[in-house]
Each structure stands twice: as C-alpha cells, then as structure tokens.
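Structure assessment
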Amino acid sequence: MKTKPTVLYDVPGPRARRRNLLWTLLFLVALAAVAWWVVASLADKGQLEWSKWAPFFTDARVWETYILPALKNTVIAAGLAMVIALPLGALLGISRLSDHRAVRGTAGTVVEFFRAIPVLILMLFANAAYSEFFDISPDVRPLYAVVTGLVLYNASVLAEVVRAGILALPAGQTDAAKAIGMRKGQTMTYVLLPQSVTAMLPALVSQLVVIVKDTALGGAMLGFSELLASVRPMSANYGANAIACFTVVAVLFVILNFALTTFASWLEGRLRRGKKSTGAVVGVGAVEELATPGEHMGPTDETK
C-alpha cells in the first residue's frame, strides 16, 4: 500500500533509503574516527592516567575546597539573575505594547540599548561602577557585577520574547475581551499572558540556560569564584590535570542545564494538560466584575 505524499514531506523510496543509510554509516564512521583520534592524543599526552582523575573519586577535599563552593556561587548568581530578569523582562515586553508613546518609546530604547551590548562589557562596566560609586566589599563585588550584567542583557532579550509571544496570539482574543468590557490591563493579565506563556516557554528556558552558562564570564574576567574559575587552582594543586578539571566542570554545567530544561518540559506539559482539561465557564457575575466601572451589563433573560 502506497503512502500518500504530503506537501511538506515525501516518503523516501528504496534508493533514497539506501542513500540515507549510507550517509548515516559514513557519518558514524567519521565520528568514531574523530573520537578515537581525540582519545589517542589524550593518552599520548598522559591526560588519561588514573593519577590525574583519581582526586575526583578518592579525595573529598577537591569537592569541599573547590568544586562545591564554586557550584554554589554559580547557582546563586544564575538564580538571582533569573529571579530579577524574568519579571523585569516581562514588564519591558508589556511596556513595548503600551498605547502610550512615552512608555512604549522608553521601554524600546532600554531594550534595544542593553540588548546590543555584549554581556561581558555590561559586567565590566557594573564592576567599575560599584567600585567607584558604591561602598561594596571587594569580596562580593564580582557577584554584584555578574548579576547586574546578566540581568540587564537577559531582561532585554526576554522582553522581546514576551512581546513576540503576545503578538503571536490571534487578534480575536483581544477583540473578545473588549467585547465583554475588559480594560487593557485586565485583557493582558487574564487573557493574553496566560495563553502566551506556554508558547513562550521554550524560548524562555533557552535564555535561562544562557544565563547559567554566562556566569563563567565573571570567572574569566572579574575573578568571580564560579565553576570555570575553579579549574586553575584545582589543576595547580593536583598535578596539572586541566583536561580532567575541565571535563568535570563541563559535566556539572550539563547537569545544571539538563535539570533546568527537564523542569521546564515538565512545567510545559502540565500547563498544556491543564488547558485541555479545563472547561470552566465564566459566569455573568464574573464578567460584570471585570467590566469597566459604569459599564456593567444588565441582566439577561437567564438571570432575571
């Protein structure tokens, strides 16, 4: 039985399937060759010797002195930046949709300005500003600078995500809200934002992953004691095992980001299931409460 071809995809025939299988095998062979070359090169340089990897499995001081404190700082910086950047980005994104030109123009200027500047420069400027104008201890100043740079840049990017998510909704949603007397703030709060969150979630999570990874910039330039910055002292104290240290740090970053994306996937699925299972009907009384004062609808035949 032949499968009916679609507009976007044609089912491959026998020759196409053989060609795809051949390309797949060639890619796997090439990948295996590259992996073998990398492992052989590391072995020739002595980077795979057990003595270089043993401290991470046999010496708890590596974790207690270097890795866990650095991991804690990374989580603190990323967590603070997320908590501040998410609501600030939502506020800027909604402000860009304002009917008031002054509000819309100010929000647009802020977003375009900070989105155009590399996050590392924002961190360096923030560190210099805190040093010059604020009485902040040098021990915590790098944390302040890293969080400030991450917030300014990522809030601007998240603002565009929020704005795009709201504009992607059908215009009929806004028209229906206006028809029952909702003000614009009520329409945004009760109609547009709840529906757009699910569509925005993948892009929001991608940006949150960027926040976690960009904390490493503070360690490279500002002396912030995060995961990447822990590699140098570990390697210096445990036999120049830089490859092993970088590998462990990379695995920890993967675990952090995987946990974040897994939670986001669970949350997205929960939101979608909630929308499918919800069959609530808005009553006349609720509509009247949401309507503009002085414009309440009169009783209908069902409520008389």
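Calculation rules
- Residues numbered from 1 in each chain as written.
- Predicted model: local features only at pLDDT ≥ 70, side-chain atom pairs only at ≥ 80, totals over all residues.
- Heavy atoms only, no water.
- Helix = DSSP H or I, 4+ residues; strand = E, 2+ residues; numbered from the N terminus.
- Buried < 20%, exposed > 50% of the residue type's maximum accessible area, 1.4 Å probe, protein only.
- Expected span 1.5 Å × (residues − 1).
- Arc of directions from axis to C-beta.
- Contact = heavy atoms within 4.5 Å.
- Core = buried A, V, L, I, M, F, W, Y, C linked by side-chain atoms within 4.5 Å.
- Salt bridge = Lys/Arg side-chain N within 4 Å of Asp/Glu carboxyl O.
- Phe/Tyr/Trp six-rings, centres within 6.5 Å; stacked < 30°, edge-to-face > 60°.
- Axes fitted to C-alpha atoms, helices over the stretch in contact; angles between N-to-C directions.
- Left-handed = near helix turned anticlockwise from the far one by under 90°.
- Nonpolar A, V, L, I, M, F, W, Y, C, P; charged D, E, K, R; others polar.
- Patch = residues over 30% accessible without salt bridge, like charges linked within 9 Å, V, L, I, M, F, W, Y side chains within 5 Å.
- Areas by Shrake-Rupley, 256 points an atom, 1.4 Å probe, with all protein chains shown as cover.
- Lys, Arg positive; Asp, Glu negative; His and termini not counted.
- Charge placed at Lys NZ, Arg CZ, Asp CG, Glu CD.
- pLDDT = per-residue confidence, 0-100.

**Let's talk about the overall build of the protein chain**
When its secondary structure is counted, the protein chain shows twelve helices and zero strands. Reading the protein chain from its N end, one meets helices and strands in the order α-α-α-α-α-α-α-α-α-α-α-α. Split into buried and exposed, the 304 residues of the protein chain put 35% on the buried side.

**Notes on the environment of Leu 97**
Topologically, Leu 97 is positioned in the loop between α4 (60-95) and α5 (101-115). Residue Leu 97 is classed as buried on the basis of its relative accessible area, which comes to 17%. Taking the C-alpha atoms as reference points, Leu 97 and Arg 163, 66 residues apart in sequence, are found 7.2 Å from one another.

**Some thoughts on helix α6 (residues 119-133)**
Between its terminal C-alpha atoms α6 stretches 21 Å, which fits the 21 Å expected from 15 residues at 1.5 Å a residue. Taken residue by residue, α6 has Val 119, Leu 122, Met 123, Ala 126, Asn 127 and Tyr 130 as its buried positions. Angularly, the buried residues of α6 cover 135° about the axis, an arc narrow enough to put them on a single face. Those residues of α6 that are exposed and aimed more than 90 degrees away from the buried face are Phe 125, Glu 132 and Phe 133. The inward-facing, buried residues of α6 abut α5, α7 (141-167) and α9 (184-221).

**Some points on the nonpolar core**
Phe 56, Ile 67, Leu 227 and Met 234 are the most contacted members of the largest nonpolar core, which totals 41 residues. Of all the secondary structure elements, the ones that give two or more residues to this core are α4, α6, α7, α9, α10 (231-237) and α11 (242-277). Sort the elements by how many residues they give to this core and α4 lands first, with nine residues. Of all hydrophobic cores here, the second largest spans 15 residues; its members include Leu 158, Val 161, Leu 169 and Met 182.

**Looking at the pattern of salt bridges**
A full pass over the atoms with the stated rule returns six salt bridges. The salt bridge involving Arg 61 is made with Asp 59; its shortest N-O contact spans 3.1 Å. Overall, Asp 59 belongs to the buried group, its relative accessible area being 14%. Close ionic contact of Arg 96 with Glu 160 constitutes a salt bridge, the shortest N to O distance being 2.7 Å. With Arg 96 in the loop between α4 and α5 and Glu 160 in helix α7, this pair connects stretches of sequence that are 64 residues apart. Of the residues examined, Arg 96 reaches a relative accessible area of 18% and is grouped as buried. Residues joined by salt bridges that share partners form a network here, namely Arg 96, Glu 112, Arg 115, Glu 160 and Arg 163.

**Concerning the packing of aromatic side chains**
Overall, the coordinates contain six aromatic pairs when judged by the stated rule. Consider the rings of Tyr 66 and Tyr 238, whose centres lie 6.5 Å apart with planes at 85°: the pair is edge-to-face. In this pair, Tyr 66 sits in helix α4 while Tyr 238 sits in the loop between α10 and α11, placing the two residues 172 residues apart along the sequence. Of the two residues, Tyr 66 and Tyr 238, neither departs from the other in class, the shared state being buried.

**As for the packing of α4 against α7**
Each pair of packed helices can be summarised by the angle the axes make with each other and by the distance between the axes. Interhelical geometry of α4 versus α7 gives an angle of 40° and a closest axis separation of 6 Å. Here α4 and α7 pass one another in a crossing that is right-handed. Split into classes, the residues belonging to the contact of α4 with α7 amount to 21 nonpolar, two polar and one charged.

**Concerning a positive patch on the surface**
A cluster of basic residues, Arg 15, Arg 17, Arg 18 and Arg 19, forms a positive patch on the protein surface. Turning to its location among the elements, Arg 15 is positioned in helix α1 (residues 14-44). Assessed through its relative accessible area of 66%, Arg 15 is described here as exposed.

**Side note on a nonpolar patch on the surface**
There is a patch of nonpolar side chains on the surface, built from Ile 76, Leu 80, Val 83, Ile 84, Leu 88 and Leu 91 and spanning about 500 Å² of accessible area. With respect to the helices and strands, Val 83 occurs in helix α4. By relative accessible area, which is 62% here, Val 83 ends up exposed.

**Examining the side chain of Thr 215**
Within the secondary structure, Thr 215 is located in helix α9. Setting aside anything within four residues of it in sequence, one finds Thr 215 in contact with Thr 74, Ala 77, Ala 78, Val 146, Leu 150, Phe 224, Glu 226 and Phe 253.

**Examining the confidence of the model for the protein chain**
Put simply, the protein chain has an average pLDDT of 83, and 87% of its residues get 70 or more. Per-element confidence in the protein chain ranges from a low mean pLDDT of 46 for helix α12 (residues 284-290) to a high of 93 for α6. When the criterion is pLDDT under 50, residues 278-284 qualifies, and its contacts beyond four places in sequence or with other chains add up to two contacts.

**Comments concerning the side chain of Glu 160**
The class for Glu 160 is buried, based on a relative accessible area of 14%. Setting aside residues up to four positions removed in sequence, Glu 160 forms contacts with Arg 96, Val 111, Glu 112 and Arg 115.

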